[in-house]
Structures are given as C-alpha cells and as structure tokens.
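In case you want the letters, here they are:
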Amino acid sequence: MKFNLFIFVAFLSATCSFAQTPKDIKHVVVYQEDGKFAGWPANNGAWIFEGDELLVGFTRGKYELKERGHNIGKSFQECWLARSTDGGENWQAYNPENYVGDVGDKPKCPPLKKPINFEHPKFAMRMVGAGYHGAKDGRGHFHYTYDGGVTWNGPHRFGKLHQAPELKQAKLTELTPRTDYVVTGKHEAVLLLSSRQKGKFGTDRIFTARTKDGGMSFEFLNWVVPVDDKARAVMPETFRTDSGVLITAMRRKRKDKDVGELNWVDAYTSTDSGQSWNFTAKIGDSGTSNGNPPAIAATADGRLCAVFGERDQGRILAAYSADQGKTWTDPIVLRDDFGSEDNETNDLGYPRLLQRSDGKMVAVYYYSTKDCLHHIAATIWTP
C-alpha cells in the first residue's frame, strides 16, 4: 500500500493543532486552603498596576463535597482578594475591609460626595449585582479604590441605572453585572453590565452605560446583544484599542431542542464608544455544562488573546485574534490536568487575563487537581 506523506502530515496538522501548549507554560497556586473552596475570579475582577503588581478577586467558602453542583457551602461566602508584586509568580490572599458583602447582601448606598478620578494610577472598581456567588443586589452597586485594593470606598449605586426605561421596557430589571469597565477620561468611563428578568436564571442580556461625571450619574447607552436574541448573553470582558475600538468577549448559552444545550464564547465590537455594537465572531465552544465566561487582553505584539474554560473535558483554553476580533485561531490548551473528589470536570475556569511588562500573559482562574482541590490558580506563558 502506498503511503502519502503529504496527506499524513496534513492530517496531523488538522487533528493536533487543538492540543498545542506553550513550551514555557507555568502554573502557580494563587490561593489554596484546606477545608475551603475558592472560585470564580471572573465574577470578582482582576487589575494590574505599575510594576507588574497584580490584584484578583475571588469567592471563598467552606468546602462541602456534594453529589452535584459546586463543592461550596451556601452560607458565609466571602469576597477575597489576592495580590502579587512580582507579576503573578507569588501571591498573598486577604479579606479586605469595607468590601463586597461586609454590609449585607443589599446594602444602603449613599451617593458619591465627589467625582471619581478614573485615571488615578491605582484606581480599581468592583461591580456587584444579583444572581451569582457572593452577590445578591439586583439594583447593583460598586466599590472603588485609589490604593490598589488596600482600602475601598463604597458601596455606591450606579445612579438610577436600575430604573432605566430601557430595562423596564425589556422587562430585564434585575442587574447582574460582573466587573467590566473601560476608562475613557479622568471622569469618564464606559461600563458593560447585564440585567435579567427578576429571579429568572438564564435571561441575562448585556448593555452599555456611561458616566461623564465621575460616577455621580450614569446613562443607558444600548444593548450589546439584541434583547430578542434567543441566547443568554452575560459576563463580558472588554478591551479598548489605541484607536478607541471596544472589543468585548462574552458568555453565550442556548438550548436547542434537537442538539441540546449549547455554550460558546462570542466577540462583539463597537466603534462609537459603546453606543452601537456588531457581532464579529464566535471565539470558541465552552462545553455543555453551563459554559464559561471569557477573559480578553492584548498581547505585546498587538494581537488579542481570549481565555476560557471548557467544561466537558476540564480544560483551560486560549485563542488569538490578529484582526481586532474579526477572526480567531483554533483554541490551544493551557491546562488539562483537572481532577476532583467527585470526578466532575465542569467546576473550573471563570478566568481573568493580564499582560505583564515583559510580554508574558497571566491567566487567573479557579481549578482543581487531585492534590490541590478547588483553588485559585494562575497560568503564565509567552503567547
């Protein structure tokens, strides 16, 4: 039998490209504690400051082994932070004061006394809503810091955004935002939030809002995904190019009567500071077990990188775009050594992604291995 080497090599290239892993990849434990479950950085946020100082938020609770679902106790879930001063190589976790959940699930939120300086070098904002771990405020609120997360101000409302006519008209009046904002000036920022039908899981849709007065007030701009779209759209993360183009990656979910549950990651683009949006591309599939939100950041050579969890096989994936999100590479595998006591492969991911000054990428997510149960991990690599 003749053996066609060209066809064989082409076959290998087509079937093995998905499994490529960067050669210099390094996995680091950000936070792990026996008897505790740690998870969901994407629900909390991550930030980078001068000198490769990294900060990431996560949810911490009691570890409880369950037949199905997350192995975390429902009561007493805390919002913690972890800091690295060396680009993600070493971390220290802590429970900050005057932070999310410290004054109740639905706190009183006094108005700001003066505008926020969004351009402060150590500014960060943590956005809060309803319907996910450690957050139950359907009106939404936020905390902010000027010292890189050592001390926090708040909570404060997003003005009267929760009463916006556009939300009422769409019957999506319960705010469910995670942390996603883009600073556009000293007192100006564009925020990507989501809302849903009150108490109804899976009805979320993403919209943009804007403040021009340092958070004293907020205005509704537009829906990112049309409200009549049949698929859930939630948990975006947004990158702003040097030319001002906004590119957001988001979590999607839809149930199909013939195929079943579909979960994937999409990219949308705005060229007018969030006032209108266009679908650009599907980034990748995120598994059938409720999917996973993406993280997005730029690489040193100008590409975009998106990282997300794939829950069917317990993997952390990354894809790249060289044309501002219009097309994406096949995903590469950053990690696939998942393991847990209950042998479930779907409790992972929710990453945030940061770029160090040396060009290396740092993806922070929650993960589990047989030797290190549900913890916060970081993967560092050269894209």
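My aim in this report is to walk through the structure given alongside it, one point at a time.

Cut-off values and rules
Residues numbered from 1 in each chain as written. Predicted model: local features only at pLDDT ≥ 70, side-chain atom pairs only at ≥ 80, totals over all residues. Heavy atoms only, no water. 1 Å grid on protein atoms, 1.4 Å probe; cavity = no way out; pocket = protein on both sides within 12 Å on 5 of 7 lines; lining within 4 Å. Points joined across faces, edges and corners; volume = space filled by probe spheres on them. Helix = DSSP H or I, 4+ residues; strand = E, 2+ residues; numbered from the N terminus. Nonpolar A, V, L, I, M, F, W, Y, C, P; charged D, E, K, R; others polar. Phe/Tyr/Trp six-rings, centres within 6.5 Å; stacked < 30°, edge-to-face > 60°. Buried < 20%, exposed > 50% of the residue type's maximum accessible area, 1.4 Å probe, protein only. Lys NZ or Arg CZ within 6 Å of the ring centre and 35° of its normal. Core = buried A, V, L, I, M, F, W, Y, C linked by side-chain atoms within 4.5 Å. Contact = heavy atoms within 4.5 Å.

Some points on the layout of surface pockets
Next, step 1: Its volume calculated, the largest pocket comes out at about 870 Å³.
Next, step 2: Mapped by element, the contributors of at least two residues to the lining of the largest pocket are strand E3 (46-49), strand E11 (181-185), strand E15 (232-240), strand E19 (295-298) and strand E23 (349-355).
Next, step 3: Considered class by class, the residues forming the lining of the largest pocket number 16 nonpolar, five polar and five charged.
Next, step 4: The volume enclosed by the second largest pocket comes to roughly 580 Å³.
Next, step 5: Of the residues assigned to the lining of the second largest pocket, the class counts are six nonpolar, 10 polar and seven charged.

Some details on the packing of aromatic side chains
Next, step 1: Counted by the stated rule, this structure contains 21 aromatic pairs.
Next, step 2: Ring centres of phenylalanine 338 and tyrosine 367 lie 5.3 Å apart, and the angle between their planes is 90°; on these two criteria the pair is classed as edge-to-face. With a gap of 29 residues between them, phenylalanine 338 in the loop between strand E22 (332-335) and E23 and tyrosine 367 in strand E24 (residues 361-367) connect regions that are remote in the sequence. Tyrosine 367 matches phenylalanine 338 in its accessibility class, with the two residues each being buried.
Next, step 3: Connected via pairs of aromatic rings, a cluster forms that spans Phe37, Trp40, Tyr350 and Tyr366.
Next, step 4: The residue whose ring lies beneath arginine 303 is tyrosine 320, and the NZ or CZ to ring-centre distance is 4.7 Å.

What to know about the nonpolar core
Next, step 1: Counting residues in each nonpolar core, the largest one holds 35 residues, and the members touching the most others are Leu191 and Phe207.
Next, step 2: Of all elements in the fold, only E3, strand E5 (78-84), strand E7 (124-128), strand E8 (141-145), strand E12 (188-196), strand E13 (205-211) and strand E14 (219-223) reach the threshold of two or more residues within this core.
Next, step 3: In terms of residues, this core owes the most to one element, E7, which gives four residues.
Next, step 4: Not counting residues up to four positions away in its chain, the partners in contact with leucine 191 are Met125, Met127, Phe158, Asp180, Tyr181, Phe207, Thr208, Ala209, Thr211 and Phe218.
Next, step 5: In this structure, Ile72, Met235, Val364 and Tyr366 belong to the second largest nonpolar core, which totals 26 residues.

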